[in-house]
Amino acid sequence: MGFLLPIIFGAFLLFTATPPSLSQLPPTIMAPAPAPTPPSELCNGIFLSYRFKLGRKIPPNDTTDQPYRFESVLTVLNNGREELKEWRVFVGFRHREILISATDALIVNGTELPAPVGNGTIFGGYPVSDLKTAIQTAGDLKQMRARIELVGTQFMVTPPAIPMPSNISLVNDGWLCPEPTPATPLSKREITTCCERDPSIKVNTTITDKFLPRQPGDLTIMYDVIRAYDQNYLVEVTMENHNPLGRLDHWELSFDWKRDEFIQKMQGAYPKIVDATKCIFGPQSKIYTGLDFADVLTCERRPIIVDLPPTKAEDPALGKIPSCCRNGTILPRIMDPSKSASVFTMQVSKMPPDFNRSALFPPQNWRIKGTLNPDYSCGPPVRVSPTFYPDPSGMPTNKSSFASWQIVCNITHAKTEIPKCCVSFSAFFNDSIIPCNTCACGCVSETRRTCSAESPPLLIPPDALLLPFENRTSLTVAWNALKHKTVPNPMPCGDNCGVSINWHMASDYRGGWTVRITIFNWGGIDFPDWFLAVQMKKPAIRGFEKAYSFNASLLSVDGGVNNTIFMEGLPGLEYLVAERDDLDPKKKLRVPGKQQSVIQFTKKLTPGINVAERDGFPAKVIFNGEECMLPDVLPIASGGRRNGFVTVLSCIAIFVAAFIL
């Protein structure tokens with residue numbers, strides 16, 4: 001054994017001295033790759049992201065139009081150097097989405113949820129609408145970021161496909177947003193973009209501007225808090241018309257309270273429905289235990305406010321407010337600057353946790369409408385600089401409001417809107433009237449069962465213009481038989497318009513031409529201080545001279561040259577009465593309110609004008625701010641010619657008739 005010990009010891013030394021082979025080495029541990037930098041950290045402007053969270057199929061089962069629930073998150077993050085005031089973000093929904101809920105945001109145009117947003121929509125922050133910078137807040141994301149959780153319904157995007165919007169962008173003025181890109185090449189659930197300031201716009205980054213500038217609009221509403229207490233405040237609401245062709249008659253104003261507020265008192269206006277029931281059975285009665293709710297005006301979450309009649313203007317409890325109490329009439333400034341605004345005050349009672357003087361929140365989702373007036377779309381309230389008033393004490397100083405918000409409303413021109421007035425055409429060279437279009441102002445389903453809503457209107461004789469549509473049938477059938485025209489069965493429906501205007505080309509002679517225009521009021525509402533605006537092509541508008549029975553002048557609309565004839569009643573004729581019963585009870589007919597005048601044009605400035613063709617007919621007619629529907633065809637002279645100069649005697653007869661209208 002002794003001789004084996006040296007051998008074993010040598011073998012041990014040889015084994016321990018031999019380096020191991022590569023296969024015997026332990027595997028090398030590679031350092032993990034660094035995580036990719038989030039896109040939000042690469043953005044030095046306003047970072048936007050839209051992330052789809054989940055979706056699932058919902059009833060009913062319909063292979064042709066299957067609905068699905070979707071949940072997503074919209075993020076707005078201010079990584080720039082300036083505070084983003086009143087942020088507005090467009091999301092390009094495109095799958096017929098119906099939005100059910102959105103946290104900490106509202107749809108800017110005031111649409112209430114649930115709402116169809118399949119053509120895209122703009123969101124604005126609420127109750128927090130401003131996003132501060134990291135510099136201002138030491139990087140506090142709660143003040144820098146808005147996170148909006150969206151829930152809604154979309155159609156026909158079946159999993160695993162993901163219903164992503166086509167675009168997201170910041171719509172605040174002065175910002176440029178590139179096309180959104182996926183967060184990562186492997187991610188299909190999120191799109192992002194980084195919006196930066198337009199370099200052509202100079203920006204003040206000293207953080208001194210406290211409020212946004214006031215914006216122009218067709219109609220602006222100021223919400224000025226003039227007295228503030230712990231549990232309530234007094235606000236003055238001012239509506240002002242800035243559009244030369246816009247107006248409101250019998251206006252109705254509505255909005256949404258978001259914090260359980262209620263209206264205790266008002267001056268200058270009144271709720272359409274006075275009801276405090278929702279306060280008595282709601283949380284308000286538990287807080288205001290000593291308040292007699294019989295004296296509260298309204299506890300509606302969405303009250304409708306209406307103007308007071310002139311008889312209440314000097315009432316010490318309801319009136320005594322400048323620019324109030326005119327039956328809801330707001331005129332263009334061109335007609336009467338003193339009647340272009342309407343004002344009222346409200347005492348608003350608050351609810352916890354807003355029991356302190358500085359907790360002031362205006363209502364949202366403002367809407368305003370009138371009778372036979374254009375439709376308005378209103379944006380959200382925007383905090384602006386305080387409004388200054390003359391000091392009530394008579395001192396030569398101004399007194400400011402405690403807080404002011406501006407709501408901007410603009411006239412909408414949606415294709416789906418139904419007109420409220422219409423135009424008929426006639427001419428001296430054709431004895432038929434081209435009436436208003438079939439269903440020009442809409443047709444109800446009950447009416448469609450007895451008449452045709454698709455058939456074009458039938459020609460009528462001149463005396464039929466003075467008759468209500470339901471009393472024209474026999475005259476219309478006889479007239480079309482005389483003209484060898486086919487009368488369809490069923491006959492076309494009426495126009496269903498409350499106001500109609502007849503444009504009659506009365507003459508066309510060598511030196512000029514004339515038009516007789518007649519306004520008919522078929523509705524049950526009188527129109528005080530009415531106006532009519534007619535837009536014509538440039539060759540014709542240059543020849544306008546005067547109107548004989550209307551106060552008429554040329555008006556420039558949307559800048560540029562004068563392209564509109566603006567007409568209103570002369571003193572004593574500015575009232576267009578409603579439809580009335582005929583004075584002869586045996587006739588049992590309704591008689592429309594009517595105003596009429598002849599308008600004279602010259603050809604000195606318009607050589608080569610073809611009056612009988614399109615040049616002599618209007619391109620647009622507007623009554624009290626509402627655009628009226630025009631006929632699809634023009635009058636044609638017998639034989640297909642629209643020519644024919646009238647004799648001098650005919651012209652003299654027309655002018656004499658104009659003076660005696």
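These figures come from a predicted structure and were not determined experimentally. (Residues numbered from 1 in each chain as written. Predicted model: local features only at pLDDT ≥ 70, side-chain atom pairs only at ≥ 80, totals over all residues. Heavy atoms only, no water.)

Judged by pairing direction, the sheet is mixed, and its six strands sit side by side in the order β27-β26-β28-β29-β38-β32 without closing on themselves. A single partner strand is all that each edge strand has here, and the edge strands are β27 (430-434) and β32 (544-547). This sheet shows a mean twist of 20° between the axes of neighbouring strands, independent of strand direction. As paired elements, strand β28 (residues 499-508) and strand β29 (residues 512-521) share nine bridges and run antiparallel to each other. Each residue of the ladder has a partner; that of W503, found in β29, is I517. (Pairing = 2+ DSSP bridges. Helix = DSSP H or I, 4+ residues; strand = E, 2+ residues; numbered from the N terminus. Axes fitted to C-alpha atoms, helices over the stretch in contact; angles between N-to-C directions.)

Before going further, it helps to examine the pairing of β28. With 10 of 10 residues buried, β28 lies mostly within the body of the structure. Of the strand pairs in this sheet, strand β26 (residues 421-427) and β28 are connected by seven bridges, and their pairing is parallel. Paired with C422 across the bridge in β28 is S500. With antiparallel pairing between neighbouring strands as the criterion, β28 and β29 make up a hairpin whose turn holds three residues. (Buried < 20%, exposed > 50% of the residue type's maximum accessible area, 1.4 Å probe, protein only.)

Once that is clear, we can look at the state of the cysteines. Counted under the stated rule, the structure contains 10 disulfides. Note on cysteine connectivity: C279 is disulfide-linked to C299, with sulfurs 1.9 Å apart. An S-S torsion of about -105° defines the bridge between C279 and C299 as left-handed. Within this pair, whereas C279 is found in helix α4 (residues 277-280), its partner C299 is found in the loop between α5 (284-287) and β18 (304-307), the two being separated by 20 residues in sequence. For C279, a relative accessible area of 0% translates into the label buried. Overall, C299 belongs to the buried group, its relative accessible area being 6%. (Disulfide = S-S within 2.5 Å.)

This paragraph deals with the side chain of T193. Tracing the chain through its elements places T193 in strand β12 (residues 190-197). Exposure remark for T193: the relative accessible area of 4% places this residue in the buried category. A polar contact of 2.9 Å, which involves the side chain of T193, links it to the backbone oxygen of P178. Residues within four places of T193 in sequence aside, it is in contact with I46, F47, L48, I168, C177, P178, E179 and P180. (Polar contact = N/O pair within 3.5 Å; in protein donor to acceptor, adjacent residues only side chain to side chain. Contact = heavy atoms within 4.5 Å.)

Moving on, we get to the confidence of the model for the chain. Looking at the chain, pLDDT values average 87 and 86% of them are 70 or higher. When the criterion is pLDDT under 50, residues 639-661 qualifies, and its contacts beyond four places in sequence or with other chains add up to 37 contacts. (pLDDT = per-residue confidence, 0-100.)

This next bit is on the sheet that holds strand β34 (residues 564-569). If you walk across this open sheet you meet the five strands as β33-β34-β31-β39-β40, and the pairing is antiparallel. Edge positions in the sheet fall to β33 (550-555) and β40 (626-628), since each has one partner strand and no second. Strand-to-strand twist across the sheet, computed as the mean angle between neighbouring axes with direction ignored, equals 25°. As defined by bridge partners, strand β31 (residues 531-535) adjoins β34 across five bridges and the pair is classed as antiparallel. Looking at β34, one finds that A533 is bridged to F566.

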